[in-house]
Amino acid sequence: ALQLDPAQASAGRNRAEALFQKGDYPRALESFRALPGASGPEIQSRIAASLFQLGRDEEALGTYKKLQKSLPFDAALGEGLIYQRRESPRPAEEPLRRALALAGPAQRPRVLGVLALALVGLKQDREARLLAEEALGADPENAEAHLALSTLALRDNDLEAAEIHLKAGSSAGAGQTD
């Protein structure tokens, strides 16, 4: 049996991650798929994230659904982000609530912001505001939370607050996945 040098495998993974981080999603996808162990859950999650970034939502969604048992947080967040991007807040809500329940401290602010946006779409303004404010308390540059608060401020006819949050959310880059 062919043995792969662990250093080569690590270099390949690092190369794929670097491509992803610089936004070269087609090459990142190709690199992730070419890795030894590409069928493993960690690499499959990176493949799904690459597909998401490429707008290949159906493929990404299928991959995330296969990860529900092995990587439940990644699967739930990925599914929620896909529905959120489709402007489908009702189907986004359940996986985002699952992701929030599974989120660690570092992931929680991001999930709070994305869930707040979904709740804004469902006109659950009070909970959306609370979640967005909690997200900003942990991460003042949380793009999704700023965009949720911007929409809520517009609903309240508070144009000044809406503009502040819209600018902050736009500069922070909402809708990105890691």
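Everything numeric in this text was worked out from a predicted model, so none of it was measured.

**Q** Give me the lowdown on the side chain of Asp24, citing residues and values where you can.
**A** You can see Asp24 is positioned in the loop between helix H1 (6-21) and helix H2 (25-34). Judged by its relative accessible area of 17%, Asp24 falls in the buried class. Within polar-contact distance, the side chain of Asp24 engages the side chain of Arg27 at 3.1 Å.

**Q** Lay out helix H4 (residues 57-66) with the relevant residues and their values.
**A** Every buried residue of H4 is listed here: Asp57, Ala60, Leu61, Thr63 and Tyr64. Considered in projection along H4, the buried side chains sweep an arc of 165 degrees and stay on one side of the axis. The exposed residues of H4 that point more than 90 degrees off its buried face are Glu58 and Lys66. Here the buried face of H4 lies against helix H3 (41-53) and helix H5 (72-85).

**Q** Describe in detail the packing of H5 against helix H6 (residues 89-102), supporting the description with residues and values.
**A** Two numbers describe a pair of packed helices, the interaxial angle and the distance between the axes. Between H5 and H6, the shortest axis-to-axis distance is 8 Å and the interhelical angle comes to 150 degrees. Comparing their axes, H6 and H5 come out roughly antiparallel. Relative to H6, H5 is oriented so that their crossing is left-handed. Contact with H5, carried on its side by Pro72, Phe73, Ala76, Leu77, Glu79, Gly80, Leu81, Tyr83 and Gln84, involves Pro91, Ala92, Pro95, Leu96, Arg98, Ala99 and Leu102 of H6 and no other residues of that element. When grouped by side-chain class, the residues that make up the contact of H5 with H6 number 12 nonpolar, two polar and two charged.

**Q** Quick one: what's the story with unusual backbone geometry, residue by residue and with numbers?
**A** A positive phi angle, near 60 degrees, is found at Lys123, a position not held by glycine. Lys123 sits in the exposed class, given a relative accessible area of 60%. The backbone of Asn157 shows a phi angle near 60 degrees, a positive value even though the residue is not glycine. Structurally, Asn157 is set in the loop between helix H9 (143-155) and helix H10 (159-172). By relative accessible area, which is 65% here, Asn157 ends up exposed.

Analysis parameters
Note that residues are indexed from 1 along each chain, following the sequence as it is written. Only residues with pLDDT of at least 70 are given local features in this predicted model, and only at 80 or more are side-chain atom pairs given and counted; all residues enter the totals for whole chains, interfaces and linings. The side-chain figures draw on all heavy atoms in the structure; neither hydrogens nor water molecules are used. A helix here means a DSSP run of H or I that spans at least four residues, while a strand means a run of E at least two residues long, and both kinds are numbered starting from the N terminus. In this scheme, a residue with accessible area under 20% of its type's maximum is buried, one over 50% is exposed, and one in between is partly exposed, where area comes from a 1.4 Å probe on protein chains only. Polar contacts here mean pairs of N or O atoms no more than 3.5 Å apart (in protein, one a potential hydrogen donor and the other a potential acceptor; neighbouring residues in sequence count only if both atoms are side-chain atoms). The directions considered for the arc run from the helix axis to the C-beta atoms. Residues count as neighbours in contact if any of their non-hydrogen atoms are within 4.5 Å of one another. All axes here are fitted lines through C-alpha atoms, helices being fitted over the stretch that makes contact, and every angle between N-to-C directions spans 0 to 180 degrees. Orientation is classified from the angle alone, with under 35 degrees giving roughly parallel, over 145 giving roughly antiparallel, 65 to 115 giving roughly perpendicular, and any other angle giving oblique. For any helix crossing, the convention is left-handed if the near helix is rotated counterclockwise from the far helix by under a right angle, and right-handed if that rotation is clockwise. Residue polarity follows a fixed list, in which Ala, Val, Leu, Ile, Met, Phe, Trp, Tyr, Cys and Pro are nonpolar, Asp, Glu, Lys and Arg are charged, and the others, Gly among them, are polar.

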